[in-house]
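This is what each chain is made of:
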Amino acid sequence: MSVLLIGGSPAIPSSTGRLLDHVGQKLSIQGHWRSTLLVRDLPARALLQGDTSDLAIKRALAAVAAADAIVIATPVYKASFTGILKAFLDLLPQDGLAGKLVLPLATGGSQSHMLALDYALRPVLHALEARQVLASVYATSQQLTWSDDGGLTLDPDVAWRVDAGIEDLSAGLQALAGRTEDVYVASLQPVRLAR
């Protein structure tokens, strides 16, 4: 099963990007195939003009369509997710997340922005018909420590929530894989016609 990591931070490096990478590495260890889409790398003019004929935009939309699950990460600015992430989500078709599991991640300067995920991002993900939006993971800058030698260190409370989110996503993907195999096996069964 494939997981697309979508980074909505306009900055590089960023706490959001580091948290997204951390989650991606843990998913890889569990055997999930992952790819990354950083919205800031898309051509700005095409993104802002909604030019879905642009090759980079087409590839990004195709990556979303092909993924079984999405991990979407954003910093919180002015009590909401980033504008570049909103611009990208606006390019998805109305059912652009149909059948997909989504794990939302966010970072911010204080705990007062924690609810931005539930009040700003979650309704958009549901409007795009995500199969299931898992419990959000929010971390403040103080809960994420970076060092060039040791990499990212998570506060124990955040580490627990990240691990729980990854477990939920992994279990959901395994359930989806089981359903896919059941459908495939069922299609191989002989059909008996009534006389």
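The rules behind each value
- Along each chain, residue indices are assigned from 1 in the same order as the chain's sequence is written.
- Reporting of local features is limited, given that this is a predicted model, to residues whose pLDDT is at least 70; pairs of side-chain atoms are given and counted only at 80 or more, and all residues count toward the totals for whole chains, interfaces and linings.
- Excluding hydrogens and water, the side-chain values take into account all heavy atoms of the structure.
- By the convention used here, strands pair only if DSSP detects at least 2 bridges between them.
- Helix and strand labels come from DSSP, where a helix needs a run of H or I of at least four residues and a strand needs a run of E of at least two; each type is numbered from the N terminus.
- Call a crossover right-handed when, viewed with both strands pointing away from you, the route from the first strand across the helix to the second goes clockwise.
- When a carboxyl oxygen of Asp or Glu is within 4 Å of a side-chain nitrogen of Lys or Arg, the pair counts as a salt bridge.
- Burial here depends on accessible area, computed with a 1.4 Å probe over protein chains only, as a share of the maximum for the residue type. Under 20% is buried, over 50% is exposed, and the range in between is partly exposed.
- We define a polar contact as two N or O atoms separated by no more than 3.5 Å, with the added condition that, inside protein, one atom must be a possible hydrogen donor and the other a possible acceptor, whereas residues neighbouring each other in sequence contribute only through side-chain atom pairs.
- One fewer than the residue count of a helix, multiplied by 1.5 Å, yields its expected span.
- Arc definition: directions from the helix axis to the C-beta atoms.
- When checking whether two residues touch, look at their non-hydrogen atoms; a contact exists if any pair is within 4.5 Å.

1. Digging into the pairing of strand 2 (residues 33-38)
Inspection of the sheet shows strand 1 (residues 2-7) paired to strand 2 by six bridges, in the parallel sense. Residue pairing in the sheet places leucine 4 in a bridge with serine 35 of strand 2. Note that the unit made of strand 1, helix 1 (residues 15-29) and strand 2 has a crossover that is right-handed.

2. Observations regarding the pattern of salt bridges
Under the counting rule described, the total for this entry stands at four salt bridges. Aspartate 163 serves as the salt-bridge partner of lysine 26, at 3.0 Å between the closest nitrogen and oxygen. With lysine 26 in helix 1 and aspartate 163 in helix 6 (residues 156-188), this pair connects stretches of sequence that are 137 residues apart. Aspartate 163 sits in the partly exposed class, given a relative accessible area of 33%. Between lysine 86 and aspartate 90 there is a salt bridge, with the nearest N and O atoms lying 2.6 Å from each other.

3. Some thoughts on the side chain of serine 14
Relative to the elements of secondary structure, serine 14 occurs in the loop between strand 1 and helix 1. Reaching out from serine 14, the side chain makes a polar contact with the side chain of serine 9 at a distance of 3.4 Å.

4. So, helix 3 (residues 55-66)
Here helix 3 is 12 residues long and its end C-alpha atoms lie 16 Å apart, about the 16 Å a rise of 1.5 Å per residue gives. The complete set of buried residues in helix 3 reads Ile57, Ala60, Leu61 and Val64. Along the axis of helix 3, the buried residues cluster in a sector spanning 95°; they form a single face. Along helix 3, the residues that are exposed and aim more than 90 degrees away from the buried face are Leu55, Arg59, Ala65 and Ala66. Looking at the buried side of helix 3, the elements it contacts are strand 1, strand 2, helix 2 (44-49), strand 3 (69-75) and helix 4 (83-89). Between a side-chain oxygen at the N-terminus of helix 3 and the backbone nitrogen of alanine 56 the separation is 3.0 Å; the capping residue is aspartate 54.

5. Some points on the environment of alanine 139
Examined against the element boundaries, alanine 139 turns out to sit in strand 6 (residues 137-140). Overall, alanine 139 belongs to the buried group, its relative accessible area being 0%. Residues alanine 139 and arginine 34, spaced 105 residues apart in sequence, show a C-alpha to C-alpha distance of 22 Å. Once residues within four sequence positions are removed from consideration, alanine 139 is found in contact with Ala106, Thr107, Gly108, Leu144 and Val158.

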